[in-house]
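The primary structure of each chain is shown beneath.
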Amino acid sequence: MPGLAPVRPGDALGLVAGGGSLPRLVAEAARASGWRVIVVRIGDGMADDWAGYEGGAYPWGRTGDAIAYMKSCGVRRMVFCGTVSHRPDFRSLIPSFQTLIRLPAALKIVRGGDDRLLRALSRYMERQGFEMLAVQDIVPQLLTPGGTLTRRMPDADEEQALVLAARAAGRLGELDIGQAVVASRDRVIALEGIEGTREMLQRVADLKVRGRIGRSERCVLVKSVKPTQDERFDLPSIGGATIEEAAAAGITVIGATAGRSLILGIDDVLEAAEAAGIAIVGLGEDTGMANGDDGGDRP
């Protein structure tokens, strides 16, 4: 299924790019569809090499300049994606003039949980005249299929663990805390907070080393979309690094919300998962169980 094409070939698409591989996947797909991609690098993406693309790097104190720059390039549609590890503290910055005139709005935006922040940011950008698009509008093939995607299937204990982890992830998402949970058949092991999935999995690995998790206790990781999440932003995702971190933590199954989460490079991810002995499952939202009706045959 192709992604959204521009009305006219060469129309500008703004890409606000944090760190990681996702912004590059979006940029390449957008360019292939005929967009002129304008890349504004923020957060963890500041130091990334975007040679061959228009744009620039903007520290938090120059976010107003980034907005003005995209307007000058004719950007009307925009995608936000990539890792931003640290929130801006606008009170401690020396802002540019373009940022200063937007400072009252910026101070309101950065309050609250991630979902609240992203909703406030989208409303602000829409008031500035931009239409906010989702990653999946540009690269729909990144969406997680339903069902078991690996040759290895979860056993009965792991299926029960998936149900428990999915239930816990739903409660976690209702409070706008995080998107990821690790659980075994009988208990929840770890909940993701502001530290992110990587540090949560490092914590699980440490618990296993210290004997707090039994040697035969099979643990699963579930990454779930929040119940009221604006799906234009920050869908839960799985990449090659997720497989490495999960394997180090002793995870045997990874589940993600089918159709509402992303797999970044599905062929490479499934190959890595097979090599690590990890099953990958696209979860149905109603029960948290693998939804075999939504996906194709396993490879």
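One can find the structure itself at the top, above this paragraph.
Computed from a predicted structure; not experimentally measured.

A. Here's a closer look at the overall build of the protein chain. Across its full length, the protein chain holds 10 helices and 13 strands. The 299 residues of the protein chain split such that 51% are buried. Counting only contacts in the protein chain whose residues sit at least 6 apart along the sequence, the fraction spanning at least 24 positions is 73%. Put simply, the protein chain shows about 14,200 Å² of open surface, and 51% of that area lies on carbon and sulfur atoms.

B. How the structure looks around the pairing of strand β1 (residues 12-17). Burial within β1 is extensive, with 6 of its 6 residues counted as buried. Burial along β1 is two-sided: Ala12, Gly14 and Val16 facing one way and Leu13, Leu15 and Ala17 facing the other are all buried. Bridging between β1 and strand β2 (residues 36-41) involves 6 bridges; their strand directions are parallel. Across the sheet, the residue bridging to Leu13 is Val37, located in β2. Crossover connection from β1 via helix α1 (residues 22-32) to parallel β2: handedness right-handed. Looking at chain direction, β1 and strand β4 (residues 77-81) are connected through 5 bridges and run parallel. Directly across from Ala17, in β4, lies its bridge partner Cys81.

C. Up close: the nonpolar core. One finds Val182, Ile189, Leu221, Ile243, Ile251, Ile254 and Ile280 to be the most contacted residues of the largest nonpolar core, which totals 26 residues. Elements represented by at least two residues in this core include exactly β7 (180-183), β8 (188-191), α8 (197-209), β9 (219-223), α9 (240-248), β11 (251-257) and α10 (266-276). Among the elements that make up this core, the one with the highest residue count is α8 (5 residues). Listed in part, the 24 residues of the second largest apolar core include Ala27, Val39, Tyr53 and Leu262.

D. Summary view of the sheet that holds β4. Taking strand neighbours across the sheet as the criterion, the 5 strands line up as β3-β2-β1-β4-β5 in an open arrangement whose pairing is parallel. Of all the strands in the sheet, the pair left with one neighbour each is β3 (54-57) and β5 (131-133). Mean inter-strand twist for the sheet, computed between neighbouring axes without regard to direction, equals 25°. Across the face of the sheet, α1 comes into contact with β1, β2 and β4 while running at roughly 170° to β1.

E. Inspection of the packing of α9 against α10 at higher detail. Two elements in contact, α9 and α10, have axes separated by 9 Å at closest approach and are oriented at 15°. The orientation of α9 relative to α10 falls into the category roughly parallel. When you trace α9 past α10, the crossing you get is right-handed. Between α9, through Gly240, Ile243 and Ala247, and α10, the contact on the second element is made entirely by Val269, Ala272, Ala273 and Ala276. Looking at the contact of α9 with α10, its residues break down into 6 nonpolar, 1 polar and no charged.

F. Layout of the side chain of Gln229. Locating Gln229 in the fold gives a position in the loop between β9 and β10 (237-238). Here Gln229 falls in the buried class, since its relative accessible area comes to 8%. For Gln229, the side chain forms a polar contact with the main-chain nitrogen of Lys226, separated by 3.0 Å. Here Phe233 takes part through its backbone oxygen, which lies 3.0 Å from a polar atom of the side chain of Gln229.

G. Region of the structure containing unusual backbone geometry. Phi at Asp176 is positive, roughly 55°, even though this residue is not glycine. Position of Asp176 relative to the elements: it lies in the loop between α7 (156-174) and β7. What makes Asp176 buried here is its relative accessible area of 18%. The residue Asp234 is not glycine, and still its phi comes out positive at about 55°. On the secondary structure map, Asp234 appears in the loop between β9 and β10.

H. Representation of the sheet that holds β7 within the structure. Strands sit in the order β6-β13-β11-β9-β7-β8 across an open sheet of 6 strands; the sheet is mixed. The open sheet has two edge strands, β6 (147-148) and β8, and neither has a second partner. Examined bridge by bridge, β6 and strand β13 (residues 279-283) share 2 bridges and lie antiparallel to one another. Following the sheet pairing, Gly147 is matched in β13 by Gly282. Where α8 meets the sheet, its contacts fall on β7, β8, β9 and β11, and the angle it forms with β8 comes to roughly 145°.

I. Structural context of the environment of Gly214. Tracing the chain through its elements places Gly214 in the loop between α8 and β9. Given a relative accessible area of 28%, Gly214 falls into the partly exposed group. Ignoring anything within four residues of it in the chain, the contact list for Gly214 reads Arg187 and Lys208.

Cut-off values and rules
- Counting from 1, residues in each chain are numbered in the order their sequence is written.
- Residue-level local features of this predicted model are given only where pLDDT is at least 70; pairs of side-chain atoms are given and counted only at 80 or more, and the full residue set underlies all totals for whole chains, interfaces and linings.
- Only heavy atoms go into the side-chain values, all of them from the structure, while hydrogens and water stay out.
- Secondary structure counts use DSSP, requiring at least four H or I residues in a row for a helix and at least two E residues in a row for a strand, with both numbered from the N terminus.
- Buried means the residue's accessible area, taken with a 1.4 Å probe over protein chains only, is under 20% of the maximum for its type, while exposed means over 50%, and partly exposed covers the values in between.
- The contact definition used throughout considers only heavy atoms, calling two residues in contact when any of these lie within 4.5 Å.
- Exposure was quantified through the Shrake-Rupley algorithm and a 1.4 Å probe, taking into account, for residues, occlusion by the shown protein chains and nothing else.
- Between any two strands, at least two bridges found by DSSP are needed for them to pair.
- Handedness of a crossover is defined as follows: with both strands directed away from the viewer, a clockwise route from the first strand across the helix to the second makes it right-handed.
- Think of a nonpolar core as a cluster: buried Ala, Val, Leu, Ile, Met, Phe, Trp, Tyr and Cys residues, connected wherever their side-chain atoms sit within 4.5 Å.
- Axes, fitted as lines to C-alpha atoms, cover a helix only where it is in contact. Angles between the N-to-C directions of the axes lie from 0 to 180 degrees.
- Angular relationships are summarised with four words: roughly parallel below 35 degrees, roughly antiparallel beyond 145, roughly perpendicular across 65 to 115, and oblique for the angles in between.
- We call a crossing left-handed when the near helix sits turned anticlockwise from the far one by less than a right angle, and right-handed when that turn is clockwise.
- Three residue categories are used. Nonpolar comprises Ala, Val, Leu, Ile, Met, Phe, Trp, Tyr, Cys and Pro, charged comprises Asp, Glu, Lys and Arg, and polar comprises the others, including Gly.
- For the purposes of these results, a polar contact is taken to be a pair of N or O atoms within 3.5 Å, where, inside protein, one atom must be able to donate a hydrogen and its partner to accept one; residues adjacent in sequence count only when each atom of the pair is a side-chain atom.

By themselves, these observations are geometric and do not establish any function.
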